[in-house]
Amino acid sequence: MPHEITSEHDALVAESWERCRSKYGLEPRATKPILRLQHQEVSQRLERLKDTSNRIFREVDRAAAIVRKRGGLMVLSDADRIVVNVVQSKAYTSRKMTDGIAVGSCWDEKIAGTNGVHMGLLSGRPFTVRGTDHYYKALESFACTSVPILDAEEVPIGSLTLSTIDRRVGAEYEFAQNLLGVTASRIHRELFLSKHSDRRILKVARSGFPPAREALLAIDDEGLVCAASSPALQTLAVSDASQIVGEQIENLLDVSLHQVDGGLERTRVGLVDGETLFAEGVELERSVRPAPGRPMTAVTRRRHPALDKLAVGNPSLKRQLKRAAQVLAEGVPVHVCGPLGAGKSTVVQALIAQTDPKQDVFTINATRSEHLQSFNVEVLEQIYAGACLEDLPLQMLVIENVEDLPQSDQECVVQLMERLERDAANTAGCGARNLRVVTTSRCVPSDTEGTLREDLLSHLAATTIRLEPLEARPDRRAILSAIAEQLATEVIEITEDTWAIFEQYSWPRNIREAWSVLREAVLCGDGRQITPVDLPDHLQTASSVSTPLGAKSYSEEDRIRDALNTTSWNVSLAARNLGIGRATLNRRIAQLNLKRPGRA
């Protein structure tokens, strides 16, 4: 072997070499070891792949456009390791590598020795055979990276392979694996959607970051899971599809069939191994036809918060949001900063919706260990490679709490941003022109000295949205009214007594706490108005400490009357809400001469 066995990769290569030598009796110094099939047989194999789906070739063409610009030779082979299509850049037209890699060439290990096409299908994952990994000496000048192509039932139907001159540069291997990995993932997605075009499709993901391939579930008219991709099984921590196929979706996820039919946006649907599980509906393209006799389910999307709604009563913030949306649409990174709970995530969602609500969003939260463990240059390279594919939706990379990224990861982000700047200046139109980057932090960039690299700071400081604490915002009343309106099913009034409490409260957890407080008030109230008795205990306590100048004193009589009206004069429930006994409440009702509405 040309190098020591130091990893699973090298172990697989070593096993292949041993088979080639002892089992197949191959001679490593053979000059022309690759066999080729007749044209007629190759044509039949190509037609079989086309019969599977023409979508395979649409995705291959997108990857081929990048290969032609970047350099290399890409081949599509079937499950028998027979090459049925070849794409090459001009730089490789005259190279001898094309003598072996040609339409009809067979790359089965029994004939071609250790090679990328065979190893990719054998391992079932992206696999790079470096120059000296090849069994035949004639192939030592080349690095071949291969990725298996799986059909809707996870059965290998072929592979994609990118062959280049081996310069022993790790970044080139990573680029090839990422480019082919993204392409194979999109092919599998298209085949899954095509097979289940008469079903509802859900995409699931854990902790906001997607697996190597989309985790997809197919659901029938009765709300039963009828199919699941292998990434979906991994995401749900299920070892076998039989454990979930046939299950009601409501029993599997915290989501109803009605929600799925309504075009489910990204929603929390449970916990798996302590990590938050998300689900969202997948809209079928018009070219995906349902089964005969069954109409395609209409898909509508819930509206994201509009940018202008986030800045009601705050002209300065409104200008910041408008400017940020404009520059983000042109590819300029945007940074959102503010204290914990100030609404940074809401602003990010609004920016995403404003830019393109159907774009692919990758979220990394630097405060979550599971995100940091999976965050590295390979991940960014995969996102970048996906953004290089032409005629696809925008890609959005969101990095939350960027100041908590380790210095080495911050360097990766800097390199990505510098790369995007070079792409933007490239007049040839190459590069990731459809990748957008949004970052967030708990303080303004200038206050992150010691936690943010200077070069990253310079990138973030250009376009920054600064969110004030809720207590300091001049539009506080408008914000609270908007939240209450969104939570209630109809127009709801916030009484002046309640406003008095809100005005004197410091809101230490900002907008996030406001959502929690108002949600509880709406659920506990009568649906028509929010009174102090509907508020959580810690706000009710604040109301008894001091009363703002000019505000009506919230007397015991008012408090008891509100509690009774809120519960439709259910004395037992009102007593529990007030924290007193039923007998005591009945006594106070009599003493205050309170009468139930409609009774004399």
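Because the structure is predicted, anything quoted here is derived from the model rather than measured. (Residues numbered from 1 in each chain as written. Predicted model: local features only at pLDDT ≥ 70, side-chain atom pairs only at ≥ 80, totals over all residues. Heavy atoms only, no water.)

A.B. asks: I tried to follow the nonpolar core on my own but got confused; where do I start?
C.D. replies: For soluble globular proteins, nonpolar side chains are generally found buried alongside one another. Grouped together as the largest cluster of nonpolar side chains are 51 residues, with contacts concentrated most on Met74, Leu397 and Leu456. Leave out the neighbours within four places in its chain, and Met74 touches Val60, Ala63, Ala64, Val67, Asn85, Val86, Val87, Leu160, Thr161, Leu162 and Leu180. (Core = buried A, V, L, I, M, F, W, Y, C linked by side-chain atoms within 4.5 Å. Buried < 20%, exposed > 50% of the residue type's maximum accessible area, 1.4 Å probe, protein only. Contact = heavy atoms within 4.5 Å.)

A.B. asks: Would you explain helix α23 (residues 582–592) in this entry?
C.D. replies: An α-helix turns once per 3.6 residues; consequently, residues spaced three or four apart project the same way. Along α23, the residues classified as buried are Leu585, Arg588 and Ile589. Summarising the axial view, the buried residues of α23 lie within an arc of 105°, below the 170-degree limit, and thus occupy one face. In α23, the exposed positions angled more than 90 degrees off the buried face are occupied by Ala583 and Ala590. Of the residues trailing α23, Asn593 is marked for its positive phi of about 60°. (Helix = DSSP H or I, 4+ residues; strand = E, 2+ residues; numbered from the N terminus. Arc of directions from axis to C-beta.)

A.B. asks: Hey, could you run me through the packing of helix α1 (residues 8–23) against helix α6 (residues 116–123) in this one?
C.D. replies: Axis angle and axis distance: for two packed helices, these are the angle between their axes and the distance between the axes, and together they describe the pair. Orientation of α1 relative to α6, taken along the N-to-C sense of each, is 115°, at an axis distance of 12 Å. Here the hand of the crossing between α1 and α6 comes out right-handed. Here Leu12, Val13, Ser16 and Arg19 of α1 lie close against α6, whose contacting residues are Met119, Leu122 and Ser123. Across the contact of α1 with α6, the residue classes tally to 4 nonpolar, 2 polar and 1 charged. (Axes fitted to C-alpha atoms, helices over the stretch in contact; angles between N-to-C directions. Left-handed = near helix turned anticlockwise from the far one by under 90°. Nonpolar A, V, L, I, M, F, W, Y, C, P; charged D, E, K, R; others polar.)

A.B. asks: Would you mind showing me how to read the pattern of salt bridges here?
C.D. replies: Once the charged atoms of two side chains with opposite charge are near each other, the side chains can pair. The tally for this structure, following the rule as stated, stands at 26 salt bridges. Between Glu18 and Arg21 there is a salt bridge whose closest N-O contact spans 3.0 Å. Here Arg21 and Glu18 lie together in helix α1, a separation of 3 residues that amounts to about one turn. Of the charged contacts, one joins Arg130 and Asp133 as a salt bridge, the two residues approaching to 2.8 Å between their closest N and O atoms. (Salt bridge = Lys/Arg side-chain N within 4 Å of Asp/Glu carboxyl O.)

A.B. asks: Please explain the sheet that holds strand β7 (residues 215–219) as it appears in this structure.
C.D. replies: Two pairing modes exist for strands in a sheet, parallel and antiparallel, and in both the strands are linked by backbone hydrogen bonds. The strand order across the open sheet built from 5 strands is β8-β7-β6-β10-β9, with neighbouring strands paired in antiparallel fashion. Edge positions in the sheet fall to β8 (225–228) and β9 (267–272), since each of these pairs with one other strand and no more. On average, each strand axis in the sheet is inclined to that of its neighbour by 30°, with strand direction left out of account. Where β9 and strand β10 (residues 275–281) come together, 5 bridges link them in antiparallel fashion. Bridge pairing in β10 links Arg268 to Phe278. Along the sheet, helix α7 (residues 170–195) contacts β6 (200–206), β7 and β8; its crossing angle with β7, the most-contacted strand, is approximately 5°. (Pairing = 2+ DSSP bridges.)

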